[in-house]
Amino acid sequence: MTHHSEDAVRDAPGDVPDLRAVTGPLSEASHRHERAPSELPPDRNQAILEATKQVAALLKRHDHDFALAGSVAVYAHGGTGNLQHDADFCIKPEDAETVAATLAEAGLKVYTPPEDWLLKAKCLGQDIDLIYRLAGQPVSSDLLGRAHELRVDSVAMPVLAPTDLLRSLLGAFSEHHCDFGAVLPIARLLREKVDWEGIRREWGEQPMPAAFLFLLERLEIIAPRTEQAPARTGPAEGPSRGTPPPAGPPPGGHR
């Protein structure tokens, strides 16, 4: 995800609730993650997981419709604990304001970045992305309805289905962002759980996703696309290319 500093906060009315300092029940958890100067730095992956669990618990407690996405979703599906920069949650566009209010009331900082497809929040010092447009499309009830209920450490939460997860990653490829190396291990991990033909139908004609799918085929991570061979219009071989076969029976043959 693209990250922006908090000076990108906009105070336009109605965007998100006003920012305020962390208070309430989360402040004690946040204090536990503060460290004395002599202590070793906290494990970043575990910090992201703790923030993910806190936000998911809040969303569940207030009956918000959501699904975990991004690298933490890959972790929930069995990936390694080598997480990226933040925790990503998918929410419907019409729910963005109420979700932001829920997090703000719990003491989290919520703000609107320049991008028009997500909100951002801070929890336990970690970045939280609240995505309401995924791969250029609004997050829908159907997308969230396909989510799998999985555990992230000790907290169960809805997680994007593997096909939707890969679809979102391929849909983000462009001439300016095309990091195959980051998505390759995810595709290898989830390959048996993904509807690759469905992804081909949706993204197979786009240059960057098509190149990535071709790479997966060459690495034998996925099977080649099955297409019916074109009908032949002439003999495959002959004495001369394009020369028609001789009339009559073959030499030495009988009628």
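For the structure given in this document, a descriptive report is provided here. (Residues numbered from 1 in each chain as written. Predicted model: local features only at pLDDT ≥ 70, side-chain atom pairs only at ≥ 80, totals over all residues. Heavy atoms only, no water.)

In this section: the pairing of strand β9 (residues 155–159). The buried fraction of β9 amounts to five of the five residues, a majority that puts the element mostly inside the structure. Burial along β9 is two-sided: Val155, Met157 and Val159 facing one way and Ala156 and Pro158 facing the other are all buried. In this antiparallel pair of consecutive strands, strand β8 (residues 148–152) and β9, the connection spans two residues, and Asp153 shows a positive phi of 55 degrees. (Buried < 20%, exposed > 50% of the residue type's maximum accessible area, 1.4 Å probe, protein only. Helix = DSSP H or I, 4+ residues; strand = E, 2+ residues; numbered from the N terminus. Pairing = 2+ DSSP bridges.)

Right, let's talk about the packing of helix α6 (residues 162–171) against helix α8 (residues 196–203) for a bit. Between α6 and α8, the shortest axis-to-axis distance is 10 Å and the interhelical angle comes to 30 degrees. The orientation of α6 with respect to α8, classified from their angle, is roughly parallel. Between α6 and α8 the crossing geometry is right-handed. Here Thr163, Leu166, Arg167, Leu170 and Gly171 of α6 lie close against α8, whose contacting residues are Trp196, Ile199, Glu202 and Trp203. The residue inventory of the contact of α6 with α8, partitioned by class, reads five nonpolar, two polar and two charged. (Axes fitted to C-alpha atoms, helices over the stretch in contact; angles between N-to-C directions. Parallel < 35°, antiparallel > 145°, perpendicular 65-115°, else oblique. Left-handed = near helix turned anticlockwise from the far one by under 90°. Contact = heavy atoms within 4.5 Å. Nonpolar A, V, L, I, M, F, W, Y, C, P; charged D, E, K, R; others polar.)

Counting 66 residues, the largest nonpolar core has Phe89, Leu103, Ile128, Leu166, Trp196, Phe212 and Leu216 as the members making the most contacts within it. Broken down by element, this core gets its largest block of residues, seven residues, from helix α2 (residues 44–61). With near-sequence residues (within four places) excluded, Trp196 lies in contact with Leu166, Ala187, Arg191, Leu213, Leu216 and Ile222. (Core = buried A, V, L, I, M, F, W, Y, C linked by side-chain atoms within 4.5 Å.)

Attention shifts here to the pattern of salt bridges. Enumeration over the complete set of coordinates arrives at eleven salt bridges. Residues Arg146 and Asp164 are paired through a salt bridge, measuring 2.9 Å at the closest nitrogen-oxygen approach. With a gap of 18 residues between them, Arg146 in the loop between α5 (141–145) and β8 and Asp164 in helix α6 connect regions that are remote in the sequence. Look at Arg146 and you get partly exposed, because its relative accessible area is 43%. Take Asp164: its relative accessible area is 4%, and that puts it in the buried class. Overlapping salt bridges bring together Arg146, Asp164, Arg167 and Glu202 as one network. (Salt bridge = Lys/Arg side-chain N within 4 Å of Asp/Glu carboxyl O.)

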